[in-house]
Amino acid sequence: MIHSDQELQASQDRIAYFQRLLTQLRVTARPDEFPAVASGYRSELERMQTEVLDYLTRHVLAEAS
């Protein structure tokens, strides 16, 4: 769970990093290994993106409660 704008930025940076990794793996990984490798990154990206959206759709004043 993201609790601050600093954590938001860190999550967004990590998302961008994982996306760059997947971009590279699409080219460098063997076709037979790619689905297994990509699925782990995809799961983590989906989890992080959900956390980012949850944070961004909470009003700032709701953070105190």
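The following refers to the structure shown. (Residues numbered from 1 in each chain as written. Predicted model: local features only at pLDDT ≥ 70, side-chain atom pairs only at ≥ 80, totals over all residues. Heavy atoms only, no water.)

So, on to the overall build of the protein. When helices and strands are tallied, the protein shows 2 helices and 0 strands. Here the C-alpha radius of gyration of the protein, 15 Å, is well above what a compact globule of 65 residues would show, namely 11 Å. Projected onto its principal axes, the C-alpha coordinates of the protein cover approximately 50 × 15 × 10 Å. When the 65 residues of the protein are sorted by exposure, 23% land in the buried category. Here the contacts in the protein between residues at least 6 apart in sequence split such that 66% fall between residues at least 24 apart. For the protein, the exposed area adds up to about 5,000 Å²; of that, 56% sits on carbon and sulfur atoms. For the protein, the separation between the mean place of its 7 positive charges and that of its 10 negative charges on side chains is 7 Å. (Helix = DSSP H or I, 4+ residues; strand = E, 2+ residues; numbered from the N terminus. Rg over C-alpha atoms; globule rule 2.2 N^0.38 Å. Buried < 20%, exposed > 50% of the residue type's maximum accessible area, 1.4 Å probe, protein only. Contact = heavy atoms within 4.5 Å. Areas by Shrake-Rupley, 256 points an atom, 1.4 Å probe, with all protein chains shown as cover. Lys, Arg positive; Asp, Glu negative; His and termini not counted. Charge placed at Lys NZ, Arg CZ, Asp CG, Glu CD.)

Turning our attention to the nonpolar core. By size, the foremost hydrophobic cluster in this structure holds 11 residues: Ile2, Leu8, Ile15, Phe18, Leu21, Leu22, Ala38, Leu45, Met48, Val52 and Tyr55. When contributions to this core are tallied by element, the ones reaching two or more residues are α1 (5-28) and α2 (34-56). (Core = buried A, V, L, I, M, F, W, Y, C linked by side-chain atoms within 4.5 Å.)

Okay, the packing of aromatic side chains next. Taken as a whole, this structure holds 2 aromatic pairs when the rule is applied. Ring centres 6.0 Å apart and planes at 55° place the aromatic pair tyrosine 17 and phenylalanine 18 in the tilted group. Every member of this aromatic cluster is reached through a ring pair, and the members are Tyr17, Phe18 and Tyr41. (Phe/Tyr/Trp six-rings, centres within 6.5 Å; stacked < 30°, edge-to-face > 60°.)

A separate point is α2. With 23 residues, α2 ought to run about 33 Å at 1.5 Å a step, and its terminal C-alpha atoms sit 32 Å apart, in line with that. Every buried residue belonging to α2 is among Ala38, Glu44, Leu45, Met48, Val52 and Tyr55, and all of these are buried. Lining the buried residues of α2 we find α1. (Expected span 1.5 Å × (residues − 1).)

In short, geometric facts, not functional conclusions.
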